[in-house]
Amino acid sequence: AIQSEDDLQQVLISAYDVLANTYNGNAQNMANLLSDHVARPVADARYESIWTRSSTIFNTYSNQTFTDWYIANLRANTVLDNLDRLELTENTRSRVIGEASFIRALTHFDVVRLYAQPYGFTSDNSHPGVAIRTTSEVTADAVIDRSSVAEVYNFVLDNINTAKENLPLQNGN
């Protein structure tokens, strides 16, 4: 599907579309429900199961928020995996790498913050974090183990640094 620079840009924009829906309250609400000193939600089983940290496969609110972060990450990986197929200007290539790296950092950071024990839970942060997804390759038998929280944070920092090195100072709208 990616045959041109415009196609590549459309895939990148589609990652932002997923993030816009996720950060339109869902991500913030999940973080609030998992924070300390929050009153138990009343009359909303979706929120209550998150608050009690007993979310099940039937809680589509929690499941969709988790999935959306990985969908945005998949799209960023798709962009990065297809860069070499196109002739891009150096500025465009650098910007696209920066944006995709930022998306990967953002998605992994928020997933590890909400779906793993916090940074510092173990002295070396070797406790289980989340799966680090670095490719758009999807196979039916692919099982990716959870990386440690330290590994996830290092991945996030590496991607933030890549974004910082590649993003222009101004990027339009």
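Going by the structure above, here's the rest.
Let me begin by describing the structure that accompanies this report. (Residues numbered from 1 in each chain as written. Predicted model: local features only at pLDDT ≥ 70, side-chain atom pairs only at ≥ 80, totals over all residues. Heavy atoms only, no water.)

1. A short note on the overall build of the protein chain
Then, in step 1: Counting its regular elements, the protein chain contains five helices and zero strands.
Then, in step 2: Each helix (α) and strand (β) of the protein chain, taken in turn from the N terminus, gives the series α-α-α-α-α.
Then, in step 3: Classification of the 173 residues of the protein chain by burial places 39% in the buried group.
Then, in step 4: Taking contacts inside the protein chain between residues at least 6 apart in sequence as the whole, the part at least 24 apart equals 64%.
Then, in step 5: Entry remark: accessible area of the protein chain is about 10300 Å², with carbon and sulfur atoms responsible for 51%. (Helix = DSSP H or I, 4+ residues; strand = E, 2+ residues; numbered from the N terminus. Buried < 20%, exposed > 50% of the residue type's maximum accessible area, 1.4 Å probe, protein only. Contact = heavy atoms within 4.5 Å. Areas by Shrake-Rupley, 256 points an atom, 1.4 Å probe, with all protein chains shown as cover.)

2. What about the environment of T56?
Then, in step 1: Turning to its location among the elements, T56 is positioned in the loop between helix 2 (45-51) and helix 3 (60-81).
Then, in step 2: Relative accessible area serves as the criterion here: at 40%, T56 is assigned to the partly exposed category.
Then, in step 3: For the pair T56 and V38, spaced 18 residues apart in sequence, the C-alpha to C-alpha distance is 21 Å.

3. Quick notes on the nonpolar core
Then, in step 1: Counting residues in each nonpolar core, the largest one holds 38 residues, and the members touching the most others are L8, I103 and V112.
Then, in step 2: Broken down by element, this core gets its largest block of residues, nine residues, from helix 1 (residues 5-33).
Then, in step 3: In this structure, V112 is in contact with G129, V130, V149, V152 and Y153, ignoring residues within four places of it in sequence. (Core = buried A, V, L, I, M, F, W, Y, C linked by side-chain atoms within 4.5 Å.)

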